[in-house]
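One letter stands for each residue in the lines below.
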Amino acid sequence: MNESLNFIEQIIEEDIASGKHNGEVHTRFPPEPNGFLHIGHTKAICINFETAAKYGGITNLRFDDTNPTTEDTSFVEAIQRDIKWLGFDWEDRLYFASDYFGQLYEFAEKLIENGLAYVDDSTSDEIAEMKGTPNQPGKNSPFRDRSVEENLQLFRAMKNGDFPDGAKVLRAKVDMESPNMLLRDPLIYRIKHAHHHRTGDDWCIYPMYDFAHGQSDSIENITHSLCSLEFIHHRPLYNWFIEKLGIYPSRQIEFARMNVEYMITSKRKLLKLVEKGLVSGWDDARMPTIAGMRRKGYPAAALRTFCDKAGVAKRENLIEIELLESCVRDELNKISDRVHVVIDPLKVIITNYPEGKVEMIEAINNPEDEGSETRMIPFSREIWIEREDFREAPNKKYYRMGPGRNVRLKNGYILHCEDYKKNEETGEIEEIYCTYYENSKSGEDVSGVKAKGTLHFVSAEQAVKCELRLLDYLFTDPTPDGHDDKDFLDFYNEDSIKVVDAYMEPALAKAKEGQYFQFIRNAYFTLDPDSTEDKKIFNRTVALKSSWKK
RNA sequence: UGACCCAUGGUGUAAUGGUAACACUACGGUUUUUGGUACCGUCAUUCAAGGUUCGAGUCCUUGUGGGUCAACCA
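Model, not experiment: these values are computed from the prediction.

Caption draft 1: Geometry of the nonpolar core. Formed by 47 residues in total, the largest nonpolar core has its most connected members in Ile8, Phe29, Ile45, Ile83, Phe306 and Leu324. When residues of this core are traced back to their parent elements, those giving at least two are helix H1 (7-18), helix H2 (39-54), strand E2 (58-63), helix H3 (73-86), strand E9 (251-255), helix H10 (290-296), helix H11 (300-310) and helix H12 (321-335). Top contributing element to this core by residue count: H2, with seven residues. The residues that make up this core include at least three from each of domain 1 (7-257) and domain 2 (267-337 + 466-543).

Now the structure itself:
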């Protein structure tokens, strides 16, 4: 393999070469359990797990659960399910930042003892005021020079619940004049009398991100802490804590997060869609969440390939949705069963086919798969074809059915169109009359008859009604949240889901969740969990490509 | 009136001082019992100006453009 390396791999190979961390690679994926994982997380998950695996390393799953007011166990479960489904395994290394609350508290006391942290009584507004702006240095808090003893006593009182929420915070003593806002005495502990999903009411003070994340990495001996670019300004602080605390030197490396056309990744906005009822939930098949994409029918392998192909770098990017869809089609082409489903039916009567006769024709499920199984498709005198597959007056480019024309039925016979019935008032074609060539059956055609077009069909009598959810992009604009003058909801696509009835071949009555289908000549579909025994519901994953220009 | 990050076809990513390439898209063609798949082909790229060098997409300087940073969120 003469593969080129991305910049993270280059760093890792340099570290391995220099013997840093004994050449070990240990990464982590650190989600906050306050929402569902989305396409952006998918990228982070792939990078963390695949990079470690590439170098024989391992990856931890660690929930960054330091804010009890927004986090919940239900998300913890959904997140684990999604990562597993994606195909990654953290084995027995499931951790929670909350597991380290005791240790983190010790770290805080140590900082205080070394004169590197202090309790601040200022209000939130006052602290913000004293922080300055990117262009103006901050001012020292009047509480900055409290004695170690006083700080220790106050911090312990904070921990003991002696103060109400917001009364005091613990701050690291770094530099109020730093050009880096994060270094202007960042808050590291706040009072929150809130119930935590794991630690219950054990604590009423909780560490902030900057005082939990890096230390958690360090506690777990993470060698390379891979995160997105927006944390780049946190790195000096990340390193500052490691240095002052003298703990394991994990290294933070930032990459540009992946943006995909027509998708948003802001949890706040995703939540808004859910709360406003614009989608049925976090796992709505239109959502850019892993659960949503799974429901829509995107295979895990396709998502992984997509992330690989999108690459890793440090510049802003917007990946075209076509790349994702290309990966999805490529995977689905390999694994999906080809089946017959007619959406907009038009009756065809085969006048020389015996009435009452039903013939079962064997059809291969997936010609792309060598070991594919077969199933039986019923054929009879009356069948449905797609309405758009017939034209009264077809032109040369149109090679489907038309008066006097021959067409091949996929997994069936060649038909000759003799006549059709038209409602003169509405102009609607009501029925087509055809004859069939008895010796033209698929696989044993000795008719010598030529037919340019091939149509799919279902036998009218045996066809089963089902529901199709024709899904489209959730937004009408490729960057719905990229407009200063417009809200992302202004681009909500009212036509993002269309529900229609369809006729499916009877074998589909046995369709199972997680199975992938190609509805021949139309699109890929997968069974929706809303399906019942009596009524199958399918979601359109992605349409087949078409080079036909109407 | 700051700091930090970034800049290669339409999009994304390579090229690690030595012939700018790969994928997706678009367009054209071949094959085809899916107007799918497969296969072949075409178009199209180093932000600008200086400098270093035999040689710069790559190193340096200055611009220009884009992004990020002022939650008791992560």
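Caption draft 2: How the structure looks around unusual backbone geometry. Of note, the phi angle at Tyr262 is positive, near 70°, even though the residue is not glycine. Along the chain, the position of Tyr262 falls in the loop between E9 and helix H9 (267-275). Phi is positive for Asn411, which is not a glycine, with a value near 55°. Among the secondary structure elements, Asn411 is positioned in the loop between strand E16 (406-409) and strand E17 (414-422). On the basis of relative accessible area, Asn411 is assigned to the buried category, the value being 12%.

Caption draft 3: Structural context of empty space enclosed by the protein. Applying the stated criterion across every chain, the model contains two cavities of 30 Å³ or more. Grouping the constituent residues of the lining of the largest cavity by class yields 12 nonpolar, no polar and three charged. If you add up the space inside the second largest cavity, you get close to 40 Å³. If you go around the second largest cavity, the residues you meet are Tyr209, Asp210, His213, Gly214, His234, Tyr238 and Gln252. In terms of residue count, the dominant contributor to the lining of the second largest cavity is helix H7 (residues 209-219) (four residues).

Caption draft 4: Expanded view of H12. Compared with an ideal rise of 1.5 Å per residue, which puts 15 residues at 21 Å, H12 spans 21 Å between its outermost C-alpha atoms and is within 8% of the ideal. Summarising the contacts, the buried residues of H12 are in contact with H11, strand E10 (337-339), strand E23 (516-519), strand E24 (523-527) and strand E25 (537-543).

Caption draft 5: Quick peek at the UniProt feature "domain: Glutamyl/glutaminyl-tRNA synthetase class Ib catalytic" (unreviewed entry) in chain A. Per the UniProt record, the feature "domain: Glutamyl/glutaminyl-tRNA synthetase class Ib catalytic" (unreviewed entry) sits at residues 24-333. For the annotated span residues 24-333, helix accounts for 40% and strand for 13% of the residues, and the straight-line distance between the end C-alpha atoms is 38 Å.

Caption draft 6: Highlighting the pairing of E24. For E24, the buried fraction is high: five of the five residues fall into the buried class. Judged by which residues are buried, E24 turns out to be covered on both faces: Ala523, Phe525 and Leu527 on one side and Tyr524 and Thr526 on the other are all buried. With four bridges connecting them, E23 and E24 associate as antiparallel partners. From the neighbouring strand, Phe517 faces E24, where its bridge partner is Phe525. In this antiparallel pair of consecutive strands, E23 and E24, the connection spans three residues, and Arg521 shows a positive phi of 65°. Bridge analysis of E24 against E25 gives five bridges, and the strand direction is antiparallel. Residue Phe525 lies in a different strand from E25, and its bridge partner there is Arg540.

Caption draft 7: Layout of the domain arrangement of chain A. Here chain A is partitioned into domain 1 (7-257), domain 2 (267-337 + 466-543) and domain 3 (341-456). Computed from C-alpha coordinates alone, the two centres of domain 1 and domain 3 are separated by 64 Å.

Caption draft 8: Inspection of the packing of helix H4 (residues 101-113) against helix H6 (residues 148-159) at higher detail. Across the interface, H4 lies against H6 with an axial gap of 9 Å and an inter-helix angle of 160°. When the axis of H4 is compared with that of H6, the two are roughly antiparallel. Taken as a pair, H4 and H6 cross one another with a handedness that is right-handed. Mapping the contact onto sequence places Tyr105, Ala108, Glu109, Ile112 and Glu113 in H4 and Val148, Asn151, Leu152, Phe155, Arg156 and Lys159 in H6. Residues belonging to the contact of H4 with H6 are distributed by class as follows: six nonpolar, one polar and four charged.

Caption draft 9: Focus on the packing of aromatic side chains. As enumerated under the stated definition, the model contains 27 aromatic pairs in all. Judged by centre distance (5.6 Å) and plane angle (70°), the rings of Phe101 and Tyr206 are edge-to-face. A residue pair is termed long-range when its members are at least 10 positions apart, and Phe101 in helix H4 and Tyr206 in strand E7 (residues 205-207) qualify at 105 residues. Like Tyr206, Phe101 is buried. Three or more aromatic residues link up through ring pairs in this structure, and these residues are Phe101, Tyr105, Phe155, Tyr189, Trp203, Tyr206, Phe211, Trp240 and Phe241.

Caption draft 10: Highlighting the environment of Thr289. Take Thr289: it is sitting in the loop between H9 and H10. Taking C-alpha positions, Thr289 is 40 Å from Phe390, a pair spaced 101 residues apart along the chain. Discounting residues that sit within four places of it in the chain, Thr289 has contacts with Phe36, Leu37, His38, Trp282 and Asp283. Side-chain polar atoms of Thr289 contact the backbone oxygen of Trp282, separated by 2.6 Å. Polar contacts involving the side chain of Thr289 include one to the main-chain amide nitrogen of Gly292, which spans 2.9 Å.

Conventions used here
- Residues numbered from 1 in each chain as written.
- Chains lettered and ligands numbered in written order.
- Predicted model: local features only at pLDDT ≥ 70, side-chain atom pairs only at ≥ 80, totals over all residues.
- Heavy atoms only, no water.
- Core = buried A, V, L, I, M, F, W, Y, C linked by side-chain atoms within 4.5 Å.
- Buried < 20%, exposed > 50% of the residue type's maximum accessible area, 1.4 Å probe, protein only.
- Helix = DSSP H or I, 4+ residues; strand = E, 2+ residues; numbered from the N terminus.
- Domains from an automatic or database assignment.
- 1 Å grid on protein atoms, 1.4 Å probe; cavity = no way out; pocket = protein on both sides within 12 Å on 5 of 7 lines; lining within 4 Å.
- Points joined across faces, edges and corners; volume = space filled by probe spheres on them.
- Nonpolar A, V, L, I, M, F, W, Y, C, P; charged D, E, K, R; others polar.
- Expected span 1.5 Å × (residues − 1).
- Contact = heavy atoms within 4.5 Å.
- UniProt positions renumbered as here; feature names shortened; annotations may be inferred.
- Pairing = 2+ DSSP bridges.
- Axes fitted to C-alpha atoms, helices over the stretch in contact; angles between N-to-C directions.
- Parallel < 35°, antiparallel > 145°, perpendicular 65-115°, else oblique.
- Left-handed = near helix turned anticlockwise from the far one by under 90°.
- Phe/Tyr/Trp six-rings, centres within 6.5 Å; stacked < 30°, edge-to-face > 60°.
- Polar contact = N/O pair within 3.5 Å; in protein donor to acceptor, adjacent residues only side chain to side chain.

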